[in-house]
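# Structural characterization, general
What follows is each chain in one-letter form.
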Amino acid sequence: MEMTLQLTIDCTDVRRLVVFWSEALGYVAEPPPGGHATWREYWAAAGVPEEELPVGAGDTPESIVDPTGRGPRVWFQQVPERKACKNRLHLDLKVGGGRDVPLAIRTRRVTTTVERLVEAGAGVLRTADEPDMGHYAVVLQDPEGNEFCVV
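Reference entry: report on the structure contained in this document. (Residues numbered from 1 in each chain as written. Predicted model: local features only at pLDDT ≥ 70, side-chain atom pairs only at ≥ 80, totals over all residues. Heavy atoms only, no water.)

### Observations concerning helix α3 (residues 103–119)
For clarity, the cut-off: Put simply, DSSP H or I for four residues or longer makes a helix, DSSP E for two residues or longer makes a strand, and each gets a number counted from the N terminus. What a helix is expected to span follows from its residue count: subtract one and scale by 1.5 Å. Exposure classes here rest on a 1.4 Å probe applied to the protein chains alone. A residue is buried below 20% of its type maximum, exposed above 50%, and partly exposed in between. The directions considered for the arc run from the helix axis to the C-beta atoms. Residue contacts follow a heavy-atom distance rule, with two residues in contact if any of their heavy atoms lie within 4.5 Å.
Helix length check: α3 (17 residues) gives 24 Å between terminal C-alpha atoms against 24 Å at 1.5 Å per residue, within 8%. Regarding α3, the residues found buried are Arg106, Val110, Thr113, Val114 and Leu117. For α3, the arc enclosing every buried residue in end-on projection is 105 degrees, short of the 170-degree limit, so these residues lie on one face. Exposed and oriented more than 90 degrees from the buried face of α3 are Ala104, Arg108, Glu115 and Glu119. Residues of α3 that are buried in the fold lie against α1 (14–25), β5 (91–93), β6 (123–130), β7 (135–141) and β8 (147–150). Remark: glycine 121 follows α3 within two positions and exhibits a positive phi of approximately 125 degrees.

Printed below as a string of structure tokens:
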């Protein structure tokens, strides 16, 4: 049996995180299957009871996919509560190229990506600038406060 991986992110504003994480990961909104106009229409056709769907659920895309088909699907699950504490799991966006790439080049790649993501709605929490260890990374948070790193 084949296994696939889906990453699920709880959020209150699905549309905002779909837009942000599509930009951050280079992903695209996943279209509803079977020619349905919306995911809500698809779920109704599949027999999901209306009372199980929050207001607005499925009216706009709630998941994003890697257009190359290599990365995992990311689903943004609408929940009523806001994020309350630090993530127990986070994403590392590895854009630097690894330790074989000179630190100055890695730092420039990270900085460029951070600037783009801040423009898209991320907030910078802290920078790990440790040249003696050959390390540079920035910890950010998405528009709903979920932490992630750009390395």
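### Things to note about the pattern of salt bridges
Quick reminder of the rule: Salt bridges are defined by distance alone: a side-chain nitrogen of Lys or Arg within 4 Å of a carboxyl oxygen of Asp or Glu.
With the rule as written, the count across this model stands at 3 salt bridges. With a closest N to O distance of 2.7 Å, glutamate 23 and arginine 116 form a salt bridge. Remark: arginine 116 occurs in helix α3 and glutamate 23 occurs in helix α1; sequence separation between them is 93 residues. The class for arginine 116 is partly exposed, based on a relative accessible area of 33%. Linking glutamate 30 and arginine 73 is a salt bridge whose minimum nitrogen-to-oxygen distance equals 2.6 Å. Taken together, the residues glutamate 30 in the loop between β2 (28–29) and α2 (39–45) and arginine 73 in strand β4 (residues 73–78) connect sequence positions 43 residues apart. Exposure remark for glutamate 30: the relative accessible area of 17% places this residue in the buried category. Residue arginine 73 is classed as partly exposed on the basis of its relative accessible area of 24%.

### Brief notes about the sheet that holds β6
This is how the line gets drawn: In this description, strands pair whenever DSSP reports at least two bridges between them. Between the N-to-C directions of two axes lies an angle of 0 to 180 degrees, each axis being a line fitted to C-alpha atoms and, for a helix, fitted only over the stretch in contact.
The strand order across the open sheet built from 4 strands is β5-β8-β7-β6, with neighbouring strands paired in mixed fashion. Two strands close off the open sheet at either side, each with one partner strand: β5 and β6. For this sheet the average axis-to-axis angle between neighbouring strands, irrespective of direction, equals 20 degrees. Sheet analysis places β7 next to β8, joined by 4 bridges and oriented antiparallel. If you follow glutamine 141 over to β8, its bridge partner there is glutamate 147.

### Some remarks on the nonpolar core
Our working definition: We call a set of buried residues a nonpolar core when its members are Ala, Val, Leu, Ile, Met, Phe, Trp, Tyr or Cys and they connect through side-chain atoms within 4.5 Å of each other.
Grouped together as the largest cluster of nonpolar side chains are 22 residues, with contacts concentrated most on Trp21, Phe76, Leu117, Phe148 and Val150. For this core, the elements supplying multiple residues, two or more each, are β1 (6–11), α1, β4, α3, β7 and β8. Once you skip the residues sitting within four places of it in the chain, phenylalanine 148 turns out to touch Phe20, Trp21, His90, Leu91, Leu93, Leu117, Ala122, Val138, Val139, Leu140, Gln141 and Asp142.

### Looking at the state of the cysteines
Here is the rule: The term disulfide is used for any two cysteine sulfur atoms that are within 2.5 Å.
Inspection of every chain in the model, using the stated rule, returns 0 disulfides. Free cysteine: cysteine 85, not disulfide-bonded; nearest cysteine sulfur from cysteine 11 at 16 Å. What makes cysteine 85 exposed here is its relative accessible area of 56%.

### A few points about the packing of aromatic side chains
Note the following rule: The aromatic pairing rule takes the rings of Phe, Tyr and Trp, using the six-membered ring of Trp, and pairs them if the centres are within 6.5 Å, calling planes under 30 degrees apart stacked, those over 60 edge-to-face and the rest tilted.
Scanning all chains against the criterion turns up 5 aromatic pairs. Ring geometry for phenylalanine 20 and tryptophan 21: centres 5.2 Å apart, planes at 90 degrees, overall edge-to-face. The class of phenylalanine 20 is buried, set by a relative accessible area of 1%. Residue class for tryptophan 21 comes out buried when judged on its relative accessible area of 3%. Cluster of aromatic residues (ring-pair linked, three or more members): Phe20, Trp21 and Phe148.

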